[in-house]
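# Structural characterization, general
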Amino acid sequence: MTGTKSFSPWLLQTRPNPNAVLRLFCFPYAGGSAQIYRTWGPRLPPAVEVCPVQLPGRGNRLREPPFTDLDPLVLALAEAVPSYLDKPYAFFGHSMGALIGFELAHRLREREINGPAQLFVSGHRAPQFSREESVSYNLPEPEFLEELRRINGTPREVLEHPELIQLMMPLLRADFKVAQTYEYRPGPPLDCPIAAFGGLQDEDVSQEKIAGWREQTRAEFSLHMFPGDHFFIHASEALLLGILSRKLDQLLKSLR
């Protein structure tokens, strides 16, 4: 992290960027870690410092129990991140990470802390839409593994490696529970712009449900759809980072 701030287990330590104008906090999808975003820094505007968020139960926090409910997770983040909000900042989250960023923005506003300059939400329906898919976090193992294969987010080498999948199973079930038991509480729209990203072949999250994020902001809204399924974040990464770079450049101009 920039400057002399002490190490936080919540943030993956990336190359310091003392000239950064903006910090981009990136939240992972279910089962993912901060490593998802490890290559993003050099591919985004140089005035942006990418801050991948490391949740308990993965990476350097492997021995910590993962959260199974969104509210305490967001509360813990609301305690951890304010010391890093001394510069303008934005949130990016994919799938479960989109919910984390959205709820954290609301929690910080409740605490009268300056909110994000921009919220980027990816691969998740707008929160006001009720969940239509069946709950899967508590399925018997064979059915749960089949669901992992269907959504195509777990590497094949992991799914085909019994020891690896057993190691990941508690984390995956915990993260799925976080996302699948989330309950939306209606409140005033956010004041920051929202850019929403979706996959054109995503079977579970339609373009209409991505577009519903428009209701969650008083400011500008934009919708961007990419080739790929729920994990277009990987299949169309170059396209996504191109759009993200342009949006961040616009944001940086407004901050200078």
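Preceding this paragraph is the structure being described.
So, here's what we can say about the structure. (Residues numbered from 1 in each chain as written. Predicted model: local features only at pLDDT ≥ 70, side-chain atom pairs only at ≥ 80, totals over all residues. Heavy atoms only, no water.)

## Brief notes about the packing of helix α1 (residues 70-80) against helix α2 (residues 96-110)
Our working rule: For helices, the fitted axis covers only the stretch in contact; all axes are lines through C-alpha atoms, and the angles between them, taken along N-to-C directions, range from 0 to 180 degrees. A run of H or I in DSSP counts as a helix once it spans at least four residues, and a run of E counts as a strand once it spans at least two, with each numbered from the N terminus. Any angle that is under 35 degrees is reported as roughly parallel, and any over 145 degrees as roughly antiparallel; angles of 65 to 115 degrees are reported as roughly perpendicular and all others as oblique. Less than a right angle of anticlockwise turn of the near helix away from the far helix marks a crossing as left-handed, whereas a clockwise turn marks it as right-handed. Here, two residues are considered to be in contact whenever any of their heavy atoms come within 4.5 Å of each other. For this classification, Asp, Glu, Lys and Arg are treated as charged, while Ala, Val, Leu, Ile, Met, Phe, Trp, Tyr, Cys and Pro are nonpolar and the rest, including Gly, are polar.
Where α1 meets α2, the closest approach of the two axes is 9 Å, and the angle between their N-to-C directions is 60°. In this view, α1 runs oblique relative to α2, as classed from their interaxial angle. You can see that α1 and α2 cross each other, and the crossing is right-handed. Here α1 contributes L70, L73, V74, L75, L77 and A78 to the contact with α2, which in turn contributes L99, I100, E103, L104, R107 and L108. Considered class by class, the residues forming the contact of α1 with α2 number ten nonpolar, no polar and two charged.

## Let's talk about the pairing of strand β2 (residues 48-52)
We apply this condition: Here's how the labels work: a residue is buried when its accessible area is under 20% of the maximum for its type, exposed when over 50%, partly exposed in between, all with a 1.4 Å probe on protein chains only.
A large share of β2 lies buried, amounting to five of its five residues. On β2, burial covers both faces: V48, V50 and P52 on one face and E49 and C51 on the other are all buried.

## A look at unusual backbone geometry
The phi dihedral of S95 falls on the positive side, at around 55°, and the residue is not glycine. For S95, the location among the structural elements is in the loop between β3 (89-94) and α2. You will see that E112, though not glycine, has its phi angle at about 60°, which is positive. Position of E112 relative to the elements: it lies in the loop between α2 and β4 (118-122). Note on E112: relative accessible area 75%, which makes it exposed.

## Considerations on helix α3 (residues 141-151)
Note the cut-off: It is the directions from the helix axis to the C-beta atoms whose arc is reported.
All buried positions along α3 are accounted for by F144, L145, E147, L148 and I151. Across the axial projection of α3, the buried residues extend over an arc of 155°, all falling on one side. Of the residues flanking the end of α3, it is N152, one or two places downstream, whose phi is positive at about 65°.

## Here's the deal with the pattern of salt bridges
To keep it simple, the criterion reads: Definition used for salt bridges: Asp or Glu carboxyl oxygen within 4 Å of a side-chain nitrogen of Lys or Arg.
One pass over the full model with this rule turns up 15 salt bridges. D86 is the partner of R23 in a salt bridge, and the nearest nitrogen-oxygen pair spans 2.6 Å. Placement of R23 in strand β1 (residues 22-27) and of D86 in the loop between α1 and β3 is noted, with a sequence separation of 63 residues between them. Given the relative accessible area of 51%, D86 is considered exposed. Two residues, E110 and R107, come together in a salt bridge whose shortest N-O distance is 3.5 Å. A residue pair is termed a helical-turn pair when its members lie 3 or 4 positions apart in one helix, as E110 and R107 do in helix α2 at three residues.

## Let's talk about the packing of α3 against helix α5 (residues 162-180)
As a packed pair, α3 and α5 sit with axes 12 Å apart at the nearest point and diverge in direction by 80°. Our classification of the angle between α3 and α5 gives roughly perpendicular. Facing α3, whose interface residues are E141, F144, L145, L148 and I151, α5 presents I165, Q166, M169, L172, R173 and F176.

## Here's the deal with the side chain of K209
Relative to the elements of secondary structure, K209 occurs in helix α6 (residues 207-211). Contact partners of K209, with chain neighbours within four places excluded, come to R125, A126, F129 and E132.

## Quick word on the environment of D204
Here is the rule we go by: Here a polar contact means two N or O atoms within 3.5 Å. Within protein one must be a hydrogen donor candidate and the other an acceptor candidate, and residues neighboring in sequence count only if both atoms are side-chain atoms.
Topologically, D204 is positioned in the loop between β5 (194-199) and α6. Excluding anything up to four places from it in sequence, D204 contacts E133, R150 and I151. A distance of 2.7 Å separates the side chain of D204 from the side chain of R150, its partner in a polar contact.

## Re the sheet that holds β3
We apply this condition: Strands pair, by our definition, only if DSSP identifies at least two bridges between them.
Spatially, β2-β1-β3-β4-β5-β6 is the arrangement adopted by the six strands of the open sheet, whose pairing is parallel. Edge positions in the open sheet fall to β2 and β6 (221-226), since each of these has one partner strand only. Each strand axis lies, on average, 15° off the axis of its neighbour in the sheet, ignoring direction. Pairing of β5 with β6, which is carried by six bridges, proceeds in the parallel orientation. What sits directly across from G199, in β6, is F226.

## Some details on the environment of T39
Mapped onto the elements of the fold, T39 is located in the loop between β1 and β2. On the basis of relative accessible area, T39 is assigned to the partly exposed category, the value being 34%. Once the C-alpha coordinates of T39 and S136 are considered, the two residues, 97 residues apart in sequence, prove to be 31 Å apart. A polar side-chain atom of T39 sits 3.4 Å from a polar atom in the side chain of R43.

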